[in-house]
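# Structure at a glance
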Number of protein chains: 2
Amino acid sequence: MTQTYQARIYVTLRPSVLDPAGTAVQSGLHHLGYDTIEQVRIGKYIELQLSAPDQATAEQQLNVMCDQLLANPVIENYTFDLETVDLETLAA
Amino acid sequence: MTQTYQARIYVTLRPSVLDPAGTAVQSGLHHLGYDTIEQVRIGKYIELQLSAPDQATAEQQLNVMCDQLLANPVIENYTFDLETVDLETLAA
């Protein structure tokens, strides 16, 4: 019996890594008149569904997926949250 | 007297818009052996700090920034959350 989980993964650049895209967006916002904007950092937001026997297994699988494919551990950090998906509710 | 807010903005493709990058990541995860992965969607996660007199003003400014620069309202949705930043705590 497996359970389906909805995962939301947030991948961010490590604080020590320069973020030229964030700097460009900050400059663009300043040009639009939003002078108080600071510390713009741009990351990735990934949504996916996975099936696993329990939440601990799902978290362990997500950690491996992030390390192997979704994030670059040399320059990026990641966090995620998980919630169960009730497929019967979706189908109703 | 203005307050500094930390904003976290999540930009996602509208459900009706195809996401080739998400499809590629899903295929990659399947090749790594994670066969249960479905519904992969890739969006942007933006962090920034802004100053505003109150939270309602900050939210209103963020909505305009998202519509004008951070998201493409034709194909993307966005949500954000805001929390106050205590600058004295940061400096301590």
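Residues numbered from 1 in each chain as written. Chains lettered and ligands numbered in written order. Predicted model: local features only at pLDDT ≥ 70, side-chain atom pairs only at ≥ 80, totals over all residues. Heavy atoms only, no water.

Worth spelling out the cut-off: UniProt positions are given in the numbering used here, feature names are shortened, and annotations may be inferred rather than shown by experiment.
The name given to chain A in an unreviewed UniProt entry is Phosphoribosylformylglycinamidine synthase subunit PurS, with Prochlorothrix hollandica PCC 9006 = CALU 1027 as the source organism. UniProt, in its Sequence similarities (unreviewed entry) section for chain A, records the words "Belongs to the PurS family."

### A closer look at the overall build of chain A
Selection rule: Numbering of helices and strands runs from the N terminus, with a helix taken as a DSSP run of H or I at least four residues long and a strand as a DSSP run of E at least two residues long. The rule is simple: take the accessible area with a 1.4 Å probe, protein chains only, and divide by the maximum for that residue type; under 20% is buried, over 50% is exposed, in between is partly exposed. It only takes one pair of heavy atoms within 4.5 Å for two residues to be counted as in contact. Areas reported as accessible are Shrake-Rupley estimates using a 1.4 Å probe. Residue values count occlusion only from the protein chains shown. Positive charges come from Lys and Arg alone, negative charges from Asp and Glu alone, with His and the N- and C-terminal ends not counted. Charge coordinates come from a single atom per side chain, which is NZ of Lys, CZ of Arg, CG of Asp or CD of Glu.
The helix and strand inventory of chain A stands at three helices and three strands. The N-to-C order of helical and strand elements in chain A reads β-α-β-α-β-α. In terms of overall dimensions, chain A has C-alpha extents of about 55 × 35 × 15 Å along its principal axes. Relative to its full complement of 92 residues, chain A shows a buried share of 37%. Of the contacts formed within chain A by residues at least 6 apart in sequence, a portion of 74% connects residues at least 24 apart. Roughly 5200 Å² of accessible area belongs to chain A as shown, and the carbon and sulfur atoms make up 53% of that amount. Charge-centre separation for chain A: the mean point of 4 positive side chains lies 9 Å from the mean point of 12 negative side chains.

### With respect to the interface of chain B and chain A
Size of an interface, as often reported, equals the accessible area lost when the parts are brought together. Note the threshold: Here the quantity called buried area is the total loss of accessible area, with a 1.4 Å probe, experienced by two parts when brought into contact, counted for both. Criterion for a salt bridge: a side-chain nitrogen of Lys or Arg within 4 Å of a carboxyl oxygen of Asp or Glu. Under this definition, polar contacts are N or O atom pairs within 3.5 Å; protein pairs additionally need one hydrogen-donor-capable and one acceptor-capable atom, and for neighbouring residues in sequence, both atoms have to be side-chain atoms. Each residue gets one of three labels, nonpolar for Ala, Val, Leu, Ile, Met, Phe, Trp, Tyr, Cys and Pro, charged for Asp, Glu, Lys and Arg, and polar for the others, Gly among them. Here a strand pair is declared whenever DSSP counts at least two bridges between the two strands.
Across the contact, 29 residues belong to chain B and 29 residues belong to chain A. A per-residue breakdown of the area chain B buries against chain A is headed by Tyr34(B), Tyr45(B) and Gln49(B), which together make up 21% of the total. Where chain B meets chain A, there are zero salt bridges. At the boundary of chain B and chain A, one finds eight residue pairs in polar contact (both at pLDDT 80 or more). Breaking the side of chain B that touches chain A down by element, the ones donating at least two residues are β1 (3–13), α1 (20–31), β2 (38–52) and α2 (55–70) of chain B. If one sorts the elements of the side of chain B that touches chain A by residue count, β2(B) sits on top with 14 residues. Taken together, the residues of the side of chain B that touches chain A sort by class into 16 nonpolar, nine polar and four charged. The pairing of strand β2 (residues 38–52) of chain A with β2(B) spans nine bridges and is classified as antiparallel. Pairing of Ile46(A) across the sheet is with Ile42(B), part of β2(B).

### Concerning helix α2 (residues 55–70) of chain A
Stated formally: What a helix is expected to span follows from its residue count: subtract one and scale by 1.5 Å. The arc in question is the one spanned by the directions pointing from the helix axis to the C-beta atoms.
Between the first and last C-alpha of α2(A) there are merely 19 Å, a value that for 16 residues lags more than 12% behind the 22 Å anticipated at 1.5 Å per step. Residues of α2(A) that are buried: Ala58(A), Gln61(A), Leu62(A), Met65(A), Cys66(A) and Leu70(A). For α2(A), the angular spread of buried residues about the axis comes to 140 degrees, placing them on one side. Buried positions along α2(A) lie against β1 (3–13), β2 and β3 (76–84) of chain A together with α1 of chain B.

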